[in-house]
Amino acid sequence: LSNLYAPVMDFNSKEVKKLSGKSVPALIKIATAHFNRWVRERDRNKGCISCSNGKVEQAGHFYSGGHHAGLRFNPDNVTGQCVRCNHFLSGNLIHYRQGLVKRIGEARVEDLDNIAAYFKRTGYKWSRIMLIEVILKYKALAKSEKSCKSKKSEKSCKSKTLDFLTHQTKTI
């Protein structure tokens, strides 16, 4: 978990300086917007995780971001959903879990369950530095994902995204 949110940023950049003056709730709001945009771009062509036939219009959390703060920006916990499943069916969680197992596998879903149980016992509080890192990371990933979707070679785009994520953890 520590590698997922560990800071790897240039503290002297204009963007970091601009963001560091904001409150934690304001940073959570900005991070949520960038992260959700990235999730919608990532899952745009996959369809709704719960019903499989709805258009991806929202980023739905398997474990609520409000009740499980530590999972709010976990890519395994958030996938694209249609408005019907996410909003009107309150996540459509039974079908969400089935779709999640198909998409990421039983082991990673069980890991998610364990992480959720851990955070429920211990709590989780976001720091400014971690939120700024999330903002910068998913802002760049969303931009990269969007430009890749417009190109034809999706394999090279996936490897670029994996390279970016690997670089983020290696530089720690």
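The numbers attached to residues start from 1 for each chain and follow its sequence in the written order. Selection of residues for local features in this predicted model requires a pLDDT of at least 70, selection of side-chain atom pairs for listing and counting requires 80 or more, and totals for whole chains, interfaces and linings are taken over all residues. Neither water nor hydrogens contribute to the side-chain values; these are computed over all heavy atoms in the structure.

Asker: Run through the overall build of the chain, naming residues and quoting values.
Answerer: Helix numbers and strand numbers start at the N terminus; a helix is a DSSP run of H or I with at least 4 residues, a strand a run of E with at least 2. Looking only at helices and strands, the chain has eight helices and two strands in total. Across the chain, helices and strands are ordered from the amino to the carboxyl terminus as α-α-α-β-β-α-α-α-α-α. The buried share of the chain, reckoned over its 172 residues, is 41%. Entry remark: accessible area of the chain is about 10000 Å², with carbon and sulfur atoms responsible for 54%. Think of it in three bands: residues with accessible area under 20% of the maximum for their type are buried, residues over 50% are exposed, and the middle band is partly exposed, with areas taken using a 1.4 Å probe on protein chains only. Calculation of accessible area relied on Shrake-Rupley with a 1.4 Å probe; when residues are assessed, cover is drawn exclusively from the protein chains displayed.

Asker: Kindly report on the nonpolar core, identifying the contributing residues and their values.
Answerer: To form a nonpolar core, buried Ala, Val, Leu, Ile, Met, Phe, Trp, Tyr and Cys residues must be joined to one another through side-chain atoms within 4.5 Å. Core analysis: the biggest nonpolar cluster contains 20 residues, and Phe 35, Trp 38, Phe 73, Trp 126 and Leu 131 have the highest contact counts within it. Of all elements in the fold, only helix H2 (14-20), helix H3 (24-42) and helix H7 (128-150) reach the threshold of two or more residues within this core. Tallying contributions element by element places H7 first for this core, with eight residues. If we ignore the near neighbours within four places in the chain, the residues touching Trp 38 are Pro 75, Tyr 138, Leu 141, Ala 142 and Glu 145. Judged by nonpolar contacts, the second largest core, of twelve residues, contains Tyr 96, Val 109, Leu 112 and Phe 119. Contacts between residues were defined by any pair of non-hydrogen atoms, one from each residue, lying within 4.5 Å.

Asker: For the confidence of the model for the chain, give the residues involved together with the corresponding values.
Answerer: Low-confidence regions, as indicated by low pLDDT, have predicted coordinates that should not be scrutinised in detail. What pLDDT reports is the predictor's confidence in each residue, on a scale of 0 through 100. Per-residue pLDDT for the chain averages 85, and the proportion of residues at 70 or more is 80%. Here residues 164-172 is a poorly scored stretch, pLDDT under 50, and it has twelve contacts once near neighbours within four places are set aside; other chains count.

Asker: Any chance you could break down the environment of Ala 69 for me, citing the residues and the numbers?
Answerer: Note that Ala 69 resides in the loop between strand S1 (58-61) and strand S2 (78-81). Here Ala 69 falls in the partly exposed class, since its relative accessible area comes to 21%. For the pair Ala 69 and Trp 126, spaced 57 residues apart in sequence, the C-alpha to C-alpha distance is 7.9 Å. Residue contacts for Ala 69: discarding those within four places in its chain leaves Tyr 124 and Trp 126.

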